[in-house]
Amino acid sequence: MSERLFVLLQHVLPKRELTRLFGLIASLRARGLTQWLIRRFIARYQVDMSEAVQSSPLAYHSFNDFFTRALRPEVRPLAAAPLVCPVDGAISQFGQITRGQIFQAKGKSYSSQALLAGDVELARQFDGGQFATIYLSPRDYHRIHMPCEGQLLEMSYVPGELYSVNPATARGVDGLFARNERVVCVFDSVHGPFVMVLVGATIVGSMATVWHGVVNPPRHESVQRWDYRQQQIRLQQGEEMGRFLLGSTVVLLLPADAPAFNPVWQPARSVRMGEAMAF
């Protein structure tokens, strides 16, 4: 299938209904069917189960349990760096936020204000700052970790579309990450404020955080906000902060005076949670 046709099909497919269906299948505890799905997935995407705490497919009662599997701590050591990569995946894009615009793909960008559900004051804190967009493919580890120690300030659920977030769609759909459903998590740190945006996608059954649990479903029609400033929720560098139930993308926003990105980083480069992201 051509890339153009793939993108065009996404405009007409019933993405929300497909997502509900896949979410239901992924949550089933169907024994033989569940084990068959897991084994086919491992073979199709060449998942390295030797890294998992539970390496046997028989240990997982549902596809979601398998998909959000924990890894052995020693396979993702934390680099001695002020900021570490929060996920396994591939770098979609990274760089400077210029005049409030975030680069998506050749000829395409979107505003930080749109990504942050129209929050002008929050977006202003990242004018001249940096961003990193990391795509998690189906084979990747799907828990999300803290790039540095941080105190949770607020979280928002932003309703939206459910386009695929793979590289082909990023090249073909304008403002993709600011159009899709997403969860916006705002933290404070020694480097200043930073934001982690968990972007939903087609067949991403739900997104969850460690302090809230499953954020979606239900899928609300309006923006939902939670303020955590009085709860003193502090997470350490490398600590889990959330997870995807089926794969997606994380967009990280950093202030202007944050440490500079690792010079070996480049678009399409594979990255692992815990490696040095910035020095």
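What comes next concerns the included structure. (Residues numbered from 1 in each chain as written. Predicted model: local features only at pLDDT ≥ 70, side-chain atom pairs only at ≥ 80, totals over all residues. Heavy atoms only, no water.)

## Some details on the environment of Glu-239
Turning to step 1, where the next piece is worked out: Along the polypeptide, Glu-239 turns up in the loop between strand 13 (234–235) and strand 14 (240–245).
Turning to step 2, where the next piece is worked out: For the pair Glu-239 and Val-165, spaced 74 residues apart in the sequence, the C-alpha separation amounts to 25 Å.
Turning to step 3, where the next piece is worked out: Apart from the residues lying within four places of it in its own chain, the contact partners of Glu-239 are Ile-144, His-145 and Met-146. (Helix = DSSP H or I, 4+ residues; strand = E, 2+ residues; numbered from the N terminus. Contact = heavy atoms within 4.5 Å.)

## A few points about the pattern of salt bridges
Turning to step 1, where the next piece is worked out: Following the criterion strictly, the structure yields 14 salt bridges and no others.
Turning to step 2, where the next piece is worked out: Between Arg-29 and Asp-65 there is a salt bridge, and its shortest N-O distance comes to 3.7 Å. Here Arg-29 is found in the loop between helix 2 (15–27) and helix 3 (32–45), whereas its partner Asp-65 is found in helix 4 (residues 63–67), with 36 residues between them in sequence.
Turning to step 3, where the next piece is worked out: For Arg-29, a relative accessible area of 59% puts it in the exposed group.
Turning to step 4, where the next piece is worked out: Across the salt bridge formed by Glu-275 and Arg-269, the nearest N and O atoms sit 3.0 Å from each other.
Turning to step 5, where the next piece is worked out: Classification of Arg-269 by relative accessible area gives partly exposed; the value is 26%. (Salt bridge = Lys/Arg side-chain N within 4 Å of Asp/Glu carboxyl O. Buried < 20%, exposed > 50% of the residue type's maximum accessible area, 1.4 Å probe, protein only.)

## Observations regarding the nonpolar core
For soluble globular proteins, nonpolar side chains are generally found buried alongside one another.
Turning to step 1, where the next piece is worked out: Counting 36 residues, the largest nonpolar core has Phe-187, Trp-211, Met-241 and Trp-265 as its most contacted members.
Turning to step 2, where the next piece is worked out: Breaking this core down by element, the ones donating at least two residues are strand 5 (130–135), strand 7 (150–158), strand 8 (182–188), strand 9 (194–199), strand 14, strand 15 (249–254) and strand 17 (276–278).
Turning to step 3, where the next piece is worked out: With residues near it in sequence (within four places) discarded, Trp-265 still touches Cys-85, Ile-91, Phe-94, Ala-132, Ile-134, Val-271, Glu-275, Ala-276 and Met-277.
Turning to step 4, where the next piece is worked out: Ranked by size, the runner-up nonpolar core spans 28 residues in total, among them Ala-178, Val-184, Val-195 and Val-197. (Core = buried A, V, L, I, M, F, W, Y, C linked by side-chain atoms within 4.5 Å.)

## Observations concerning helix 2
Turning to step 1, where the next piece is worked out: Taking 1.5 Å per residue as the helical rise, helix 2 with its 13 residues ought to reach 18 Å, and the 18 Å between its terminal C-alpha atoms agrees with that figure.
Turning to step 2, where the next piece is worked out: Here helix 2 has its buried residues at Lys-15, Thr-19, Gly-23 and Ala-26. Looking straight down helix 2, one finds that the buried residues subtend no more than 70° of arc, so they occupy a single side. (Expected span 1.5 Å × (residues − 1). Arc of directions from axis to C-beta.)

## Side note on empty space enclosed by the protein
Turning to step 1, where the next piece is worked out: Under the definition given, this model contains one cavity of 30 Å³ or more.
Turning to step 2, where the next piece is worked out: Here the largest cavity is characterised by a volume of approximately 30 Å³.
Turning to step 3, where the next piece is worked out: Of all elements in the fold, only strand 7 and strand 8 reach the threshold of two or more residues within the lining of the largest cavity.
Turning to step 4, where the next piece is worked out: The leading source of residues in the lining of the largest cavity is strand 7, at three residues.
Turning to step 5, where the next piece is worked out: Class assignment of the residues belonging to the lining of the largest cavity gives a composition of six nonpolar, one polar and two charged. (1 Å grid on protein atoms, 1.4 Å probe; cavity = no way out; pocket = protein on both sides within 12 Å on 5 of 7 lines; lining within 4 Å. Points joined across faces, edges and corners; volume = space filled by probe spheres on them. Nonpolar A, V, L, I, M, F, W, Y, C, P; charged D, E, K, R; others polar.)

## Focus: the packing of aromatic side chains
Think of a pair of aromatic rings as described by two things: how far the centres are apart, and how the planes are tilted against each other in angle.
Turning to step 1, where the next piece is worked out: On inspection of all chains with the given rule, the structure shows 14 aromatic pairs.
Turning to step 2, where the next piece is worked out: Taking the centre distance of 5.9 Å and the plane angle of 75° together, the rings of Phe-41 and Phe-67 count as edge-to-face. Of this pair, Phe-41 sits in helix 3 while Phe-67 sits in helix 4, placing them 26 residues apart in sequence.
Turning to step 3, where the next piece is worked out: For Phe-67, a relative accessible area of 2% puts it in the buried group.
Turning to step 4, where the next piece is worked out: Through a chain of ring-to-ring contacts, three or more aromatic side chains come together here, namely Phe-41, Tyr-45, Tyr-60, Phe-63, Phe-66 and Phe-67.
Turning to step 5, where the next piece is worked out: Arg-44 extends its terminal NZ or CZ atom over the ring of Tyr-45, reaching a point 4.9 Å from the ring centre.
Turning to step 6, where the next piece is worked out: One Lys or Arg, Arg-69, reaches over the ring of Phe-66 and ends 4.7 Å from the middle of that ring. (Phe/Tyr/Trp six-rings, centres within 6.5 Å; stacked < 30°, edge-to-face > 60°. Lys NZ or Arg CZ within 6 Å of the ring centre and 35° of its normal.)

## Let's talk about the pairing of strand 2 (residues 89–96)
Turning to step 1, where the next piece is worked out: Alignment of strand 2 against strand 16 (residues 270–271), held across two bridges, turns out to be antiparallel. Looking across to strand 16, one finds that Ala-90 is bridged to Ser-270.
Turning to step 2, where the next piece is worked out: Sheet topology places strand 2 next to strand 5; six bridges connect them, and they run antiparallel. Within the sheet, the bridge partner assigned to Phe-94 lies in strand 5 and is Ala-132. (Pairing = 2+ DSSP bridges.)

## A short note on the environment of Ala-268
Turning to step 1, where the next piece is worked out: Its place among the elements puts Ala-268 in the loop between strand 15 and strand 16.
Turning to step 2, where the next piece is worked out: Separated by 178 residues in sequence, Ala-268 and Ala-90 have C-alpha atoms that sit 5.5 Å apart.
Turning to step 3, where the next piece is worked out: With residues up to four places along the chain from it excluded, the contact list for Ala-268 reads Ala-90 and Ile-91.

## Details of the sheet that holds strand 11 (residues 213–216)
The pairing of strands in a sheet comes from backbone hydrogen bonds and takes either a parallel or an antiparallel form.
Turning to step 1, where the next piece is worked out: Pairing is antiparallel across the open sheet formed by four strands, whose spatial order is 6-14-10-11. The sheet is open, and its two edges are formed by strand 6 (143–145) and strand 11, each paired on a single side. Across this sheet, the average inter-strand angle for adjacent strands is 25°, counted without regard to direction.
Turning to step 2, where the next piece is worked out: Strand direction decides the pairing type here: strand 10 (residues 206–209) and strand 11, joined by three bridges, are antiparallel. (Axes fitted to C-alpha atoms, helices over the stretch in contact; angles between N-to-C directions.)

## Some thoughts on helix 3
Turning to step 1, where the next piece is worked out: Here helix 3 is 14 residues long and its end C-alpha atoms lie 20 Å apart, about the 20 Å a rise of 1.5 Å per residue gives.
Turning to step 2, where the next piece is worked out: Residues of helix 3 that are buried include every one of Thr-34, Gln-35, Ile-38, Phe-41 and Ile-42, and no others. Take helix 3 and look down its axis: the buried residues cluster within an arc of 130°, on one side only. Facing away from the buried side of helix 3, by more than 90 degrees, are the exposed residues Gly-32, Arg-40, Ala-43 and Arg-44.
Turning to step 3, where the next piece is worked out: Buried residues belonging to helix 3 abut helix 4.
Turning to step 4, where the next piece is worked out: In the segment just after helix 3, Gln-46 is the residue with positive phi, at about 55°.

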